[in-house]
Amino acid sequence: MSCPEKPDVLNLTSLEERMISPRIPFMQLRELPRGGQLSIHGNVVNVPADVNSTVNLLPRPVNELQTIPIKFKRRLSYKRHYLFENIRPFREHSIEGETSQLDNEKVTEENEHSDETDVWSEVEERPAGVMHTLLIEPGVSQNFHDVLSFAPGEGNKPLGLFIDKDSEYLSFTTIFYGKRRSDNQGRQIPVQYSTICKWELRCQDRRVAASVPNIFYKLKKLQIKRIQDSAGISIRKCKTKGKKYTSGDLKTDAGVKKLIHLEEGHRVLRNLRGSPPYFEKCKKDLFAMIRQLGNPTWFCSFSAAETRWPHLLKILGRLVEKNNYTDDEISGMTWQKKSELIRKDPVTCARNFEHMFRLFLTTFFKSKQMPIGEIEDFFYRVELQQRGSPHIHALFWVKNAPHFGKKSESEVTAFVDKYGTCKSDTQGAVDTDLVNLQLHRHAKTCKKGTKYL
């Protein structure tokens, strides 16, 4: 696998890319508090667009530096816009017709030789409702009398992400440049789409990892495929009305389709991370550990402090900005600059946090010094904080730890005092900055009504 070489003419902004893309992946993106990382709400709606007609409506530029404000909408009649930005018409006219070449080719041969694991379509796929973003690029002209509005996808029927097999190449032209990936017919070992996504996100070429819309696009496509591949059937008690179903009724495709068609059953998500059945499975695994090992000894939480990790900021500087920052430059960076680096490559930040946690677990908790005792087993769950960074809740079982209620209070107290303390005055033994991170500060979520909990 390899990434195509990027031509200089395709150094485009987000709106310029949308204007010359034969497919428009509408998605609702929102900025998260403290750091400005992005989150997605709803589905991705894939809408075809005519590039040539869109570019021909742009005014002819006087020079290469001329810019015009553009409102990119789903429909011209809508007051709200999907994107609002200043674009360079010279760039749009320079690459007119080049990116739509793949859209005009016949894809029948490609479909015949595509990977068998991906040859399927969504069942009665329906796009989500209103899709618009709340993001506005800074520095956009506020003279709305001179703003041009475009809606290239208006009147076109949305296409499924798997029905339109070239949708990803046609949607993100600054990543794939209108070129398809090699299919499995040209490989000695077949490669699934999930493996391709991992390689592209971890590749030394950071064009995919730096494109947050493409990351969300891959996420939604993988979720749809995983749902269809591993969806289960649950019988709805309110619809059965005393009917009895045997295992033989659920072993045939006709029986399953009949249940869903008559609304007597519905699909249950099992392997989709973040769904209620997924967490139900995790809860059952944890309860099984408690039955075998007893109550856990320690509860720990781990948060990502990206702005306080100089090594991470140096890595982001080399990958994102091609700049080797020194320790003095890192220490002199503003919080806004650090947040900007983190926001530009969330994949590297997430992988760094996972690596640091695993390293901390093996070299510190499981070391010979045993800072919390000899660990028998552990369980942890990764969550995402409100600011978008990963966060871990973990439980640890320690060998020969006294159980509260079974051992005396003095034994339990001695065990706790041996490994933990609530004192902040350590007389210089611990860095004060690290102690400050362990101090609780009341926020609005600590209140119930007008009183603190």
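Up top you'll find the structure we're talking about.
Rules of the game
- Residues numbered from 1 in each chain as written.
- Predicted model: local features only at pLDDT ≥ 70, side-chain atom pairs only at ≥ 80, totals over all residues.
- Heavy atoms only, no water.
- Buried < 20%, exposed > 50% of the residue type's maximum accessible area, 1.4 Å probe, protein only.
- Helix = DSSP H or I, 4+ residues; strand = E, 2+ residues; numbered from the N terminus.
- Arc of directions from axis to C-beta.
- Contact = heavy atoms within 4.5 Å.
- Pairing = 2+ DSSP bridges.

Asker: Could you give me a rundown of helix α16 (residues 335–344), with the residues and numbers involved?
Answerer: Listed as buried for α16 are Lys-338, Ser-339, Leu-341 and Ile-342. Considered in projection along α16, the buried side chains sweep an arc of 160° and stay on one side of the axis. Elements that come into contact with the buried residues of α16 comprise α14 (310–320), α15 (327–331) and α17 (346–365).

Asker: Give a detailed account of the environment of Pro-89, specifying residues and quantitative values.
Answerer: Tracing the backbone shows Pro-89 in helix α3 (residues 89–94). Classification of Pro-89 as buried rests on a relative accessible area of 0%.

Asker: Lay out the pairing of strand β3 (residues 68–72) with the relevant residues and their values.
Answerer: Here β3 lies mainly inside the structure; five of its five residues are buried. Residues of β3 alternate between two faces, with Ile-68, Ile-70 and Phe-72 on one and Pro-69 and Lys-71 on the opposite face, all of them buried. Bridge analysis of β3 against strand β4 (residues 83–87) gives five bridges, and the strand direction is antiparallel. Each bridged residue has a counterpart across the sheet, and for Ile-68 the counterpart in β4 is Ile-87. Pairing of β3 with strand β5 (residues 148–150), which is carried by three bridges, proceeds in the parallel orientation. By the bridge assignment, Ile-70 is partnered in β5 with Leu-148.

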